Amino acid sequence: MGDFLRVAIAVAAKDLRVERRSKTALVSAMAFAALVLMIFNFARDAAALSREMLAPSALWITFAFSGVIALNRSFALEREHGALDGLLLAPVSRGALFFGKYLANLTFVLTVEAVALPLFVLFFGVDLSGALGGIVVTAILATAGFVAVGTVFAAMTVRTRFAELMLPLLVLPFLLPPVIGGVQITARLLAGRPMSEIAGWLRILALYDLVFVTLCLLLFPSLMDE
Amino acid sequence: MSSPRLSTPLAEPPLLQAAALTRRFGSARALAGVDLTVGPGECHLVAGPNGAGKSTLLRLLAGLARPSSGTVLLEGRPLAAEPFTRRAVGLLSHQSHLYDDLTSAENLEFAARLYGLPDPAAAARAGLASAGLSDRADDPVRRLSRGMVQRVAIARALLHGPRVLLLDEPFTGLDPQSAARVAALLEAQRGLGRGLVLVSHEVHESWKLATHSHLLVRGAWAVTGPKNGTLDDFLRRYREVLDG
């Protein structure tokens, strides 16, 4: 376990350091998140749809799509100069490599979401005072699962010619459960509904995380062995 | 084709032993029953034209690809059966395995962490010193010249003291001075009892290091065995084989 964590932390720290220098994924994902929120805000027919009704969907669609953009970069940097081969040659478990990439991706996507949330408040004028804690917990739960799936698909598609196109096509169907859960919970939180209405959705998100993080951890090694 | 005869004692398995390696990509056959045995202190030069299967052979020997049939043993153990078997291998491919946005030192430190070396920073410093790049330790790789990148990549491949070194065109992009430095570095590794497999289609620089020479044509050995004769003899044979 010690070696597993040591390698995972080394891989995650390397990814975060590369991203801190290049800012490729974060800047593009944040700019994308801002644009999506802006489009949702201005494309809304105010007479037909209130901001409050649209807000939860807009927030989670923004999280999902900007998350996919951040994930796209995850293995792209391993493709440059054959760095992925350098990782695979090392005498370490493939599971540790996955977990390191997963930790880094989780940090990227949560950072993008942390930037998108204030923009969401700005564009949609919602009052998060009573809902912020719940939304943060929901975002962490929903993101933990879909980032695991995205990390595996990013690894799968990295050696294909159309990786940037393939990743969203593969990941988006798996994003449906966390996005639906996120929308449902956010809508109830913003409407001030009781916790009992949210608990079931939170359990579904936690179950999704458990199943998909475990599955991805088990699947990743065989995906890396050609 | 038979594998080269070695002076390795029977009691100890060779450093690297590949038997009947075949690799197909769909209907195309990249390698067709290649045998290779590498003992301590041996340097096997593998030459051949473009598309002969040289890089595919190195990937199979490194465990980065699986053979369609055949086996690769590292010190008698199947390659990639356990992660630790990969520790015995160092690979310099035609790609550097480096990250442009990290400095030379950070790249080597990261590699040292992957290999579980006790003091990654010291290992990185030593690696850069052996490559003659101590003064460029803090430069991002993207700012280094092609030759410098190649030297950092070689330092990365040697960092963990692998017993088998697989090198794909190690002299590419190097000026004569750098090429001589790399040749001395590899000769020192050979002197330490490491086994080298050196793939190249430019054989002049590699010939001096080689103890064995092989010519790979259309995925099979056309010439194989201990180095015999001069470079001119080898090149003549090379031309004869290519001319059919």
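Residues numbered from 1 in each chain as written. Chains lettered and ligands numbered in written order. Predicted model: local features only at pLDDT ≥ 70, side-chain atom pairs only at ≥ 80, totals over all residues.

1. Points about the overall build of chain B
Put simply, the test is: For helices the rule is a DSSP run of H or I covering at least 4 residues; for strands it is a run of E covering at least 2, with both sets numbered from the N terminus onward. Values of the radius of gyration come from C-alpha atoms, whereas the globule rule sets the reference at 2.2 Å times the count of residues to the power 0.38. Whether a residue is buried, exposed or partly exposed is read from the other C-beta atoms within 10 Å of its own C-beta, which are placed from the backbone; 20 or more gives buried, 12 or fewer gives exposed, and intermediate counts give partly exposed. Contacts are defined on C-beta atoms placed from the backbone: any two residues whose C-beta positions lie within 7 Å are in contact.
Along its length, chain B carries 7 helices and 10 strands. Expected size for 244 residues packed as a compact globule is a radius of gyration near 18 Å; at 18 Å, chain B falls within 12% of this value. Relative to its 244 residues, chain B shows a buried fraction of 49%. Taking the contacts inside chain B whose residues are at least 6 apart along the sequence as the reference set, 68% of them involve residues at least 24 apart.

2. Overview of the packing of helix 2 (residues 24-43) of chain A against helix 3 (residues 51-79) of chain A
Residue and element names in this part refer to chain A. Using the following cut-off: Axis lines are fitted through C-alpha atoms, for helices just across the contact stretch, and the angle between N-to-C directions can take any value from 0 to 180 degrees. Here is the rule for angles: anything less than 35 degrees is roughly parallel, anything more than 145 is roughly antiparallel, 65 through 115 is roughly perpendicular, and the remaining ranges are oblique. Here a crossing is called left-handed whenever its near helix is offset anticlockwise from the far helix by less than a right angle, and right-handed whenever the offset is clockwise.
The contact between helix 2 and helix 3 brings their axes to 9 Å, and the two run at 155°. Looking at the two axes, helix 2 sits roughly antiparallel to helix 3. The crossing of helix 2 and helix 3 is right-handed. Together, Thr24, Ala25, Ser28, Ala29, Phe32, Ala33, Val36, Leu37 and Phe40 of helix 2 and Leu54, Ala58, Ile61, Thr62, Phe65, Ser66, Ile69, Ala70 and Arg73 of helix 3 make up the contact between the two elements.

3. Some remarks on helix 3 (residues 120-130) of chain B
Residue and element names in this part refer to chain B. The condition is simple: To obtain the arc, one takes the directions from the helix axis to the C-beta atoms.
All buried positions along helix 3 are accounted for by Pro120, Ala123, Ala124, Gly127 and Leu128. With its buried residues spanning 130° around the axis, helix 3 presents them on a single face. Within helix 3, the exposed residues directed more than 90 degrees away from the buried face are Ala122 and Ala129. Taken together, the buried residues of helix 3 touch helix 2 (104-114) and helix 4 (146-158). Phi turns positive, to about 70°, at Gly132, one or two residues after helix 3.

4. Focus: the sheet that holds strand 8 (residues 195-200) of chain B
Residue and element names in this part refer to chain B. Using the following cut-off: Two strands are counted as paired when DSSP detects at least two bridges linking them.
Spatially, 6-7-8-3-9-10 is the arrangement adopted by the 6 strands of the open sheet, whose pairing is mixed. The sheet is open, and its two borders are formed by strand 6 (89-92) and strand 10 (220-226), each paired with just one other strand. Strand-to-strand twist in this sheet, taken as the mean axis angle between neighbours without regard to direction, amounts to 15°. Judged from the 5 bridges that link them, strand 3 (residues 43-47) and strand 8 form a sheet pairing that is parallel. Across the sheet, residue Leu45 finds its bridge partner in strand 8, namely Leu198. Those strands touched by helix 7 (residues 231-242) are strand 3, strand 9 (212-217) and strand 10, and its axis lies near 15° from that of strand 9.

5. Considering helix 7 (residues 163-190) of chain A
Residue and element names in this part refer to chain A. To be explicit about the condition: Bend is the name given here to the angle between axes fitted to two runs of seven residues, the run ending at a residue and the run starting at it.
Most pronounced at Leu175, the bend in helix 7 amounts to some 45°, and the proline Pro177 follows within four residues. Listing the buried residues of helix 7 in full gives Leu167, Val171, Leu175, Pro178, Val179, Gly181, Gly182, Val183, Ile185, Thr186, Leu189 and Leu190. Buried residues in helix 7 make contact with helix 3, helix 6 (132-157) and helix 8 (196-224). Positive phi appears at Gly192, one or two residues downstream of helix 7, with a value of about 70°.

6. Quick word on the sheet that holds strand 1 (residues 16-25) of chain B
Residues and elements named next belong to chain B. The 4 strands lie next to each other as 2-1-4-5, forming an open sheet whose pairing is antiparallel. Looking at strand neighbours, the two that pair on one side only are strand 2 (28-38) and strand 5 (77-78), the edges of this open sheet. Summarising the sheet, strand 4 (residues 69-74) and strand 5 pair through 2 bridges and their orientation is antiparallel. Bridge pairing in strand 5 places Leu74 opposite Arg77.

7. Some thoughts on the pairing of strand 9 of chain B
Residues and elements named next belong to chain B. For strand 9, a buried count of 5 out of 6 residues is recorded, marking the element as mostly surrounded by other parts of the structure. Across 4 bridges, the pairing between strand 3 and strand 9 is parallel. The partner of Val46 across the bridge, within strand 9, is His214. As judged from the 6 bridges shared by strand 9 and strand 10, these two strands associate in the antiparallel manner. If you follow Leu215 over to strand 10, its bridge partner there is Val223. Count of turn residues in the strand 9/strand 10 antiparallel hairpin: 2 residues, of which Arg218 carries a positive phi of about 45°.

8. Quick look at the confidence of the model for chain B
Residue and element names in this part refer to chain B. Quick reminder of the rule: You can read pLDDT as the predictor saying how much it trusts each residue, on a scale of 0 to 100.
Within chain B, residue pLDDT values average 89, and 95% of them lie at 70 or more. Low pLDDT (under 50) marks residues 1-6, which in the prediction has 15 contacts with non-local residues, meaning those over four places away or in another chain. For this predicted complex, the interface confidence reaches an ipTM of 0.88, while the overall pTM sits at 0.88.

9. Regarding the nonpolar core
Short version of the rule: To define a nonpolar core, we join buried Ala, Val, Leu, Ile, Met, Phe, Trp, Tyr and Cys residues through C-beta atoms within 7 Å and take the resulting set.
Leu61(B), Val152(B), Leu166(B), Val197(B) and Leu198(B) are the most contacted members of the largest nonpolar core, which totals 145 residues. Excluding residues within four positions of it along the chain, Val197(B) makes contact with Val38(B), His44(B), Val46(B), Leu58(B), Leu61(B), Leu166(B) and Leu167(B).

10. Some words on the interface of chain B and chain A
Where we set the bar: Under the convention adopted here, Pro, Cys and the residues Ala, Val, Leu, Ile, Met, Phe, Trp and Tyr are nonpolar, Asp, Glu, Lys and Arg are charged, and Gly plus all remaining residues are polar.
At the junction of the two partners, chain B supplies 24 residues and chain A supplies 22 residues. Counting residues per element, the side of chain B that touches chain A draws most heavily on helix 2 of chain B, at 3 residues. Residues that form the side of chain B that touches chain A fall into these classes: 13 nonpolar, 5 polar and 6 charged.

11. Comments concerning unusual backbone geometry
Apart from glycine, the bulk of residues carry a negative phi angle, and the bulk of peptide bonds sit in the trans form. Of note, Lys23(A) is a non-glycine position whose phi angle comes to about 55°, a positive value. With respect to the helices and strands, Lys23(A) occurs in the loop between helix 1 (2-22) and helix 2. The residue Arg218(B) is not glycine, and still its phi comes out positive at about 45°. Here Arg218(B) shows up in the loop between strand 9 and strand 10.

12. A closer look at the pairing of strand 2 of chain B
For a regular strand, side chains alternate in direction, first toward one face of the sheet and then toward the other. All names here are of chain B. Two strands pair when backbone bridges link them, and strand 1 and strand 2 are joined in this way by 7 bridges, in the antiparallel orientation. Residue pairing across strands places Arg23 opposite Leu31, the latter belonging to strand 2. Counted along the chain from strand 1 to the antiparallel partner strand 2, the turn is 2 residues long, and its residue Gly26 has a positive phi close to 65°.

13. Considerations on the environment of Leu45(B)
All names here are of chain B. The residue Leu45 is located in strand 3 in this model. Owing to 23 C-beta atoms within 10 Å, Leu45 belongs among the buried residues under this scheme. In the structure, Leu45 is positioned 166 residues away from Thr211 in sequence and 7.7 Å away in space, judged by C-alpha atoms. If sequence neighbours within four positions are ignored, Leu45 has contacts with Leu198, Ser200, Val203, Ser206, Trp207, Ala210, His212, Ser213 and His214.

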